[in-house]
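Remarks on the overall topology
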Amino acid sequence: MLSKQYAKVYVYAWGTIIIWASAYVFTKVALTYFNASSIGVLRYLAASLFLIAIALINKIGFPQLRDIPKFFISGAMGFTIYMITFNYGARYLSASTSSIIIATAPIITALLARMFLKEKIRIIGWIAVAIEFGGILVLTLWDGVFSINIGIIWTLGAALSISIYNLLQRNLTKKYTALQTVTYSIFAGTILLSVFLPQAIPQLVAAPPKQIAVIIFLGVFPGAIAYVLWSKALSIAAKTSDVTNYMFITPLIATLMGYLVILEIPALSTIVAGTIIIIGLILFQTFNRASSNKSETGITSEL
């Protein structure tokens, strides 16, 4: 029988994964009208407006002055840089392929934790990493010639950016609530993205209602609510892996949504490479769950 605490983690994590999976699909829809940078700033402008209302209701206050630079770095990595690289990558990749590549974020985060926090990775962990990157190679060598889709490069950049964000968030949530850390980071990220407003506003003014609705959805749900749910799950879980294991489901849900919403059928290369990458992910996380949790690293994936 699930404990009350784990039941909450279960609900928060599942809610996040389902909402995030929708971002891969609806970003593809938004890209049929808006350019990548416009989607980024408009999406997080919508998220910021939504969070202002939530912040006023919950009276979350303001961060300490000395922590503001940390939130700007967090916002830059988790929302500004991530949004730009993710959206540009989505122009060239299917929703399923994007979700699979972003799902490498736990491995990247673990490698960064090894480099900067001196967290140990055992041999089976390195084997899992090798399998992961083997899946990436399948995507680049599928046609028998080394040909890197520029979308893969952009999306790997997004995975790296969100991994750095996770390390920063893990530290910030020791001092602030999940709602506070996400709200302050999104505000900061939106301010940095505002340089794209001059080109985004004319597109928004001329946009059909359907596209405006898509932007609002991306901002409120994958952009705000999902991040708060995920941070909440990480903050109450006994181990980080109790939450991050749910990430394995993201590519499957994104692929299913891609088919149902935009009739997108995944290519054979995506299926084969995705299977290899997911095997690596499962191996790594199984090892992670079995090993001692002397130190934990916050790991996440958007959308």
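Right, let's walk through the structure included here. (Residues numbered from 1 in each chain as written. Predicted model: local features only at pLDDT ≥ 70, side-chain atom pairs only at ≥ 80, totals over all residues. Heavy atoms only, no water.)

Observations concerning the layout of surface pockets
To find the voids left in a structure, one rolls a probe of water-molecule size over its atoms. How we decide: For cavity detection a 1 Å grid was placed over the protein atoms alone, and a set of points counts as a cavity when a 1.4 Å probe fits there but cannot get out; an open set counts as a pocket when protein lies on both sides within 12 Å along at least five of seven lines, with lining residues being those that have an atom within 4 Å of a point. Grid points are joined across faces, edges and corners, and a volume is the space filled by probe spheres set on the points. To qualify as a helix, a DSSP run of H or I must reach at least 4 residues; to qualify as a strand, a run of E must reach at least 2; elements of each kind are numbered from the N terminus. Note on residue categories: nonpolar means Ala, Val, Leu, Ile, Met, Phe, Trp, Tyr, Cys or Pro, charged means Asp, Glu, Lys or Arg, and polar means any other residue, Gly included.
Of the volumes computed, that of the second largest pocket is approximately 320 Å³. Lining the second largest pocket we find 15 residues, and of these Gly-61, Phe-62, Pro-63, Tyr-184 and Phe-187 sit closest to its centre. Contributions of two or more residues to the lining of the second largest pocket are made by α2 (36-58), α3 (68-90) and α8 (178-193). By residue number, the principal contributor to the lining of the second largest pocket is α8, which donates 4 residues. Its residues placed into classes, the lining of the second largest pocket shows 13 nonpolar, 1 polar and 1 charged.

Here we look at the pattern of salt bridges
Heads up, the rule is: Salt bridges, as used here, are contacts in which a Lys or Arg side-chain nitrogen is within 4 Å of a carboxyl oxygen on Asp or Glu. Think of it in three bands: residues with accessible area under 20% of the maximum for their type are buried, residues over 50% are exposed, and the middle band is partly exposed, with areas taken using a 1.4 Å probe on protein chains only.
Applying the stated criterion to the full structure yields 2 salt bridges. In this structure, Lys-70 and Asp-67 form a salt bridge, with 3.6 Å as the shortest nitrogen-oxygen distance. Judged by relative accessible area, which is 41%, Lys-70 ranks as partly exposed. The class of Asp-67 is buried, set by a relative accessible area of 2%. The partner of Lys-175 in a salt bridge is Asp-67, with the nearest N and O atoms 2.8 Å apart. Within this pair, whereas Lys-175 is found in the loop between α7 (150-172) and α8, its partner Asp-67 is found in the loop between α2 and α3, the two being separated by 108 residues in sequence. Each member of the salt-bridge network shares a partner with another, and the members are Asp-67, Lys-70 and Lys-175.

Section: α3
How we decide: Helix span, expected: 1.5 Å multiplied by one less than the number of residues in the helix. One axis is fitted to the seven residues ending at the residue and one to the seven starting there. The bend at that residue is the angle between these axes.
For α3, built from 23 residues, the straight-helix expectation of 33 Å at 1.5 Å per residue is met to within 8% by its first-to-last C-alpha distance of 31 Å. The sharpest bend along α3 measures roughly 40 degrees and falls at Tyr-82.

Some remarks on the packing of aromatic side chains
Each aromatic ring pair is summarised here by two numbers: the centre-to-centre distance and the angle between the ring planes. Just so we agree on the cut-off: The rule is short: rings of Phe, Tyr and Trp, with Trp giving its six-membered ring, pair when the centres are within 6.5 Å, and they are stacked under 30 degrees, edge-to-face over 60, tilted in between.
One pass over the full model with this rule turns up 15 aromatic pairs. Between the aromatic rings of Phe-26 and Phe-217, the centroid separation amounts to 5.0 Å while the plane-to-plane angle is 55 degrees, which identifies the pairing as tilted. Separated by 191 residues along the polypeptide, Phe-26 in helix α1 (residues 4-30) and Phe-217 in helix α10 (residues 209-236) bring together distant segments of the chain. Take Phe-217: its relative accessible area is 26%, and that puts it in the partly exposed class. Joined through ring pairs, the aromatic side chains of Trp-20, Tyr-44, Phe-79, Tyr-165, Tyr-227 and Trp-230 make up one cluster.

Considerations on the nonpolar core
To keep it simple, the criterion reads: Among the buried residues, those of types Ala, Val, Leu, Ile, Met, Phe, Trp, Tyr and Cys that are joined through side-chain atoms within 4.5 Å form a nonpolar core.
Counting 60 residues, the largest nonpolar core has Tyr-44 and Tyr-227 as its most contacted members. With 10 residues, α1 is the single largest residue contributor to this core. Core analysis: the next-biggest nonpolar cluster, separate from the first, contains 14 residues, Ile-101, Ala-128, Ile-277 and Phe-284 among them.

What about the side chain of Ser-94?
Heads up, the condition is: Whenever two N or O atoms come within 3.5 Å, that pair is a polar contact, provided that in protein one can donate a hydrogen and the other can accept it, and provided that, for residues adjacent in sequence, both atoms are side-chain atoms. The contact criterion used throughout is that any non-hydrogen atoms of two residues lie within 4.5 Å.
The topology assignment puts Ser-94 in the loop between α3 and α4 (95-102). Overall, Ser-94 belongs to the buried group, its relative accessible area being 17%. A polar contact is formed between the side chain of Ser-94 and the side chain of Thr-97, at a distance of 2.9 Å. Filtering out sequence-adjacent residues up to four positions away, Ser-94 remains in contact with Lys-28, Glu-264 and Thr-270.

Re α8
Taking 1.5 Å per residue as the helical rise, α8 with its 16 residues ought to reach 22 Å, and the 22 Å between its terminal C-alpha atoms agrees with that figure. Burial analysis of α8 places 13 of its 16 residues in the buried class, the great majority of the element.

Treat this as a map of the structure, not an account of what it does.
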